[in-house]
Amino acid sequence: SNLRLHQISTLDASQRDLVCNHAESAGISVVDADSTLNDCGFATINVANGEFSSSNGSHTDIFLSNSTGDLIESSIINSPNYGIRCDGDNSVLNLFGCTIKGSAGHGVYMPDLASELGAQYTIITNNGSSGIYQDGSTSKSTIENSLLGYNSGYGIFTRGEVDVNYSTIVHNSIYGL
């Protein structure tokens, strides 16, 4: 594994970029910086004011497994697969003020039984499949003040419980919900 911190000469941490290649770790926190993670697996990730960008290949920009992830005012744009994949029955994903758009697959994909998703002030648009795809029968989603639109599948697909408040779900190819 390797870790590179770009623009290290600056004293302002918000001017630094983090790049991880082939890394596995117990956790990572990125605040006020852009991040590129390639072939990385983390148990916990917390991102505030950052942007994830894909290099190339067929990976998911963020992959969580039996984990908790918080993304705050961050963007995931043009992922070659899923924007975020969150596996594991006790996985929790919280999005606040985020943009997830242009993924080749689902914007957010949570395939397991009891995952939880919270999205506030988040935009999930123009993904190659559903905006949010949550497959577990005991999964829970709370979507507030968010936009889910122009996705090639559902705006939100879930087999579990969903609570949508003050949100817009528009122009998805299959159904909004």
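Predicted model, so just to flag it, every value in this text is computed and none were measured.

Conventions adopted
- Residues numbered from 1 in each chain as written.
- Predicted model: local features only at pLDDT ≥ 70, side-chain atom pairs only at ≥ 80, totals over all residues.
- Heavy atoms only, no water.
- Pairing = 2+ DSSP bridges.
- Helix = DSSP H or I, 4+ residues; strand = E, 2+ residues; numbered from the N terminus.
- Axes fitted to C-alpha atoms, helices over the stretch in contact; angles between N-to-C directions.
- Buried < 20%, exposed > 50% of the residue type's maximum accessible area, 1.4 Å probe, protein only.
- Phe/Tyr/Trp six-rings, centres within 6.5 Å; stacked < 30°, edge-to-face > 60°.

Let's talk about the sheet that holds strand 12 (residues 84–87)
- Across the sheet, which stays open at both edges, the 5 strands sit in the order 9-12-15-18-21 with parallel pairing between neighbours. Looking along the sheet, the strands with just one partner apiece sit at the ends: strand 9 (62–65) and strand 21 (156–158). Pairs of neighbouring strands in the sheet enclose a mean axial angle of 5°, with direction left out of account.
- When strand 9 meets strand 12, the two strands line up parallel, connected through 4 bridges. Bridging from a neighbouring strand, Leu64 pairs with Cys86 of strand 12.

Digging into the pairing of strand 10 (residues 68–72)
- Every second residue of strand 10 is oriented toward a common face, the buried set being Gly69 and Leu71 and the non-buried set Thr68, Asp70 and Ile72.
- Taken together, the 5 bridges between strand 10 and strand 13 (residues 92–96) define a ladder with parallel strand orientation. In the sheet register, Asp70 faces strand 13, and the bridge partner there is Asn94.

Details of the packing of aromatic side chains
- For the structure on display, the rule yields 6 aromatic pairs.
- On the numbers, 4.5 Å between centres and 25° between planes, the contact of Tyr82 with Tyr109 is stacked. With Tyr82 in the loop between strand 11 (75–77) and strand 12 and Tyr109 in strand 15 (residues 108–110), the pair connects residues that are 27 residues apart, well separated along the chain.
- With a relative accessible area of 16%, Tyr82 lands in the buried category.

Focus: unusual backbone geometry
- The backbone of Tyr121 shows a phi angle near 50°, a positive value even though the residue is not glycine.
- With respect to the helices and strands, the residue Tyr121 is situated in the loop between strand 16 (116–120) and strand 17 (123–125).
- One non-glycine residue, Tyr150, adopts positive backbone phi at about 60°.
- Locating Tyr150 in the fold gives a position in the loop between strand 20 (147–149) and strand 21.

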